[in-house]
Amino acid sequence: MGVLWFGGQIYTLENEGEAVDAVYTEKDRIKAIGTYESIHKQFDKQIEHEVNLQGKTMLPGFVDSHLHIIGHGEKLLRLDLSQMKSADDVKAALKGRVAHLEKDEWLIGEGWNENHWDEPMIIHKSELDAICPDNPMMLTRVCRHALLANSKAMELAEVDNATPDPESGIIVRDEQGEPTGYFHDAAQDFIKGIMPEVTGSYLENVIKIAINDLVSKGLVGGHTEDLFYYGGFQKTLDAYYRAVHTSNKFKAHLLVHHEVMDDLIAANLGFRSGTDYVELGAIKIFSDGALGGRTAWLTQSYSDEPGNTGVPMHSKESLEALVVKARTHHLPVAIHAIGDKALEEVITAIEKYPIQGEQRDRIIHGQLLNESILQRLKRLPAVVDIQPTFVASDFPWVIDRIGQKRLPLAYAWNTLLNNQIRCAGGSDAPVEQVDPLLGIEAAVLRQSAFDGEIYNKAEQLTVFEAVQLYTTGSAYAIGRECSRGLIKENYKADFTILDEDIFQAETDQIHAIPVAMTVIDGDIVYNRM
């Protein structure tokens, strides 16, 4: 017995503009597409229920190819600093939260971004101490490659003038060598490492909160990276199993941080091990930092900080060793690489130790390219995970970082596609807002949310190309292109249903299209029709 979906625009996404009148599903699969009459004639006795789309638009289900589900849930629970317009706004929000803290409770804030403030600056620990002297405080920057801490947190972490910078991290200091409370990349572990360990029930609750929000945004799945940060591999994996199998359906594909690769191996698990709704993915490796904090690894110095080329997270030898270890256990890699030097080193390691079989490696972000990188990427069985909303949030300040000469191949999504390099679309939430419609609009417009200008107009995508990033692109990244990402016979019955036709909407209003329904494996998990 099955369900007949009809009465709206149903885009298959197999070819641009291709639409059908109706879709028939049984359990978790699409059994037939075509006209209402032809499907009724063929499956009349099996049709148990009909869903009239009432003129709305059905698409293959959106999947975010790169986010942090637990981080997104925590952002919904914690003090959100992402929309603050000044340091004073942040400090006012902190003062409001301090009054409600219990003894020894941490004050945790998420998402501050000084580049969006009227007067960009880094808040000093002394300012945080004046607001909150008795409770430890940690404020994570939007990129999650930096944080601010007050003196109480630094005291608990035993960080002082004599504390050396860790490998692949920076403790920012003043002229006297005293830490200012600003920690980059691996140095964040000093603070994060002494925070109270979260419980499994806390993780389960946060995952449920996140998933309920994700399905309301039209997302049927997400590729997330959480398994290293919250008390260990098995604890976090178990929390996912409990949350997803006792709440809304959701297809969580979990990347595995290289620090817990041994746990994966010891558990005798591999790529795509798990269940229909929680499966394990590639080995996640960081090769550099971020452009905002000038820790992305560049071939040439930052334009606004001569002599600084960023921070490599691994030596060439250690990066290759991680890739070799993954290959030994038949695992693909998903490597964070933002700067062009990081991309060169990552590609070199992947070329030297190629993936076997039909699996694909992933390069996450790929924000700054050069011609050599493009030619080498074309020859690799690799997917680039891009985050279109980075264009909206990073311009124009990123031009100060990289200069005009490097601009043509920065955030060059159209260039990647024109070179037949496969891409998948994600948000990097909680770094950016998780809404895939925001990402699609950003890919199409390339308009800065800061000054309203269009940047690198030649890199704009069509609406069809942008939607593909979150459907066929995300499916291809994990080798599911033969069962997900299209409305096609024998594919999964995963649908995102919008109030309006995204291909007919004004491009600057794509973000405003309401999500009417989200369907996963034939079941309606979100409905506002």
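Heads up: the structure comes first, above all this text.
Keep in mind that what you see is a predicted model, and the values were worked out from it rather than measured.

Colleague: I keep staring at the overall build of the protein chain and nothing clicks. Help me out?
Modeller: In terms of regular secondary structure, the protein chain is built from 18 helices and 22 strands. The C-alpha radius of gyration of the protein chain comes to 23 Å, within 12% of the 24 Å expected for a compact globule of 529 residues. Its C-alpha atoms give the protein chain principal-axis dimensions of roughly 80 × 55 × 50 Å. Counting across all 529 residues of the protein chain, residues that qualify as buried make up 60%. Here the contacts in the protein chain between residues at least 6 apart in sequence split such that 72% fall between residues at least 24 apart. Across the protein chain, the 49 positively charged side chains and the 79 negatively charged ones have centroids separated by 4 Å.

Colleague: When you look at the side chain of H223 in this model, what are you seeing that I'm missing?
Modeller: Inspection of the secondary structure puts H223 in strand β13 (residues 219-225). Judged by its relative accessible area of 3%, H223 falls in the buried class. Sequence-distant contacts of H223, defined by excluding residues within four places in its chain, comprise V63, D64, S65, H66, L67, H253, R362, S474 and I478.

Colleague: Mind showing me how you'd approach the sheet that holds strand β8 (residues 107-112) here?
Modeller: The pairing of strands in a sheet happens through backbone hydrogen bonds and is either parallel or antiparallel. Pairing is mixed across the open sheet formed by six strands, whose spatial order is β7-β8-β9-β10-β12-β11. Edge strands, defined here as strands with exactly one partner in the open sheet, are β7 (79-80) and β11 (169-173). Strand direction decides the pairing type here: β8 and strand β9 (residues 137-141), joined by five bridges, are parallel. Note that in β9 the partner of I108 across the bridge is M138.

Colleague: How should I be thinking about the nonpolar core in this particular structure?
Modeller: For soluble globular proteins, nonpolar side chains are generally found buried alongside one another. Counting residues in each nonpolar core, the largest one holds 128 residues, and the members touching the most others are W5, L416, F495 and I502. Element by element, the count of residues in this core is highest for helix α7 (residues 200-216), at seven residues. Other than its neighbours up to four places away in sequence, L416 contacts L369, L374, L377, V384, I386, I421 and C423. Within the second largest apolar cluster, 20 residues are counted, among which are L81, L101, C132 and L148.

Colleague: Would you mind showing me how to read empty space enclosed by the protein here?
Modeller: Empty space left among the atoms is revealed by rolling a probe the size of a water molecule over them. This structure, assessed with the given rule, holds three cavities of 30 Å³ or more. Here the largest cavity is characterised by a volume of approximately 210 Å³. V63, V220, K251, R484 and D494 are, among the 23 residues lining the largest cavity, the residues nearest its centre. Mapped by element, the contributors of at least two residues to the lining of the largest cavity are β13, β14 (251-257) and α18 (472-477). Considering only residue class, the lining of the largest cavity consists of nine nonpolar, eight polar and six charged.

Colleague: Just to check I follow, could you spell out the pattern of salt bridges for this structure?
Modeller: Where charged atoms from two side chains of opposite charge approach closely, those side chains can pair. All told, the structure shown has 32 salt bridges when counted by the stated rule. When the shortest N-O distance is used, the salt bridge between D499 and K56 registers 3.3 Å. Taken as a pair, D499 in the loop between β20 (495-498) and β21 (515-520) and K56 in the loop between β4 (47-52) and β5 (57-60) lie far apart in primary sequence, 443 residues in all. Judged by its relative accessible area of 22%, D499 falls in the partly exposed class. Measuring nitrogen to oxygen at the nearest pair gives 2.8 Å for the salt bridge that ties K251 to D494. Here K251, found in strand β14, pairs with D494, found in the loop between α18 and β20; they are 243 residues apart in sequence, far enough to count as distant. The same class applies to K251 as to D494, namely buried.

Cut-offs and rules
Residues numbered from 1 in each chain as written. Predicted model: local features only at pLDDT ≥ 70, side-chain atom pairs only at ≥ 80, totals over all residues. Heavy atoms only, no water. Helix = DSSP H or I, 4+ residues; strand = E, 2+ residues; numbered from the N terminus. Rg over C-alpha atoms; globule rule 2.2 N^0.38 Å. Buried < 20%, exposed > 50% of the residue type's maximum accessible area, 1.4 Å probe, protein only. Contact = heavy atoms within 4.5 Å. Lys, Arg positive; Asp, Glu negative; His and termini not counted. Charge placed at Lys NZ, Arg CZ, Asp CG, Glu CD. Pairing = 2+ DSSP bridges. Core = buried A, V, L, I, M, F, W, Y, C linked by side-chain atoms within 4.5 Å. 1 Å grid on protein atoms, 1.4 Å probe; cavity = no way out; pocket = protein on both sides within 12 Å on 5 of 7 lines; lining within 4 Å. Points joined across faces, edges and corners; volume = space filled by probe spheres on them. Nonpolar A, V, L, I, M, F, W, Y, C, P; charged D, E, K, R; others polar. Salt bridge = Lys/Arg side-chain N within 4 Å of Asp/Glu carboxyl O.

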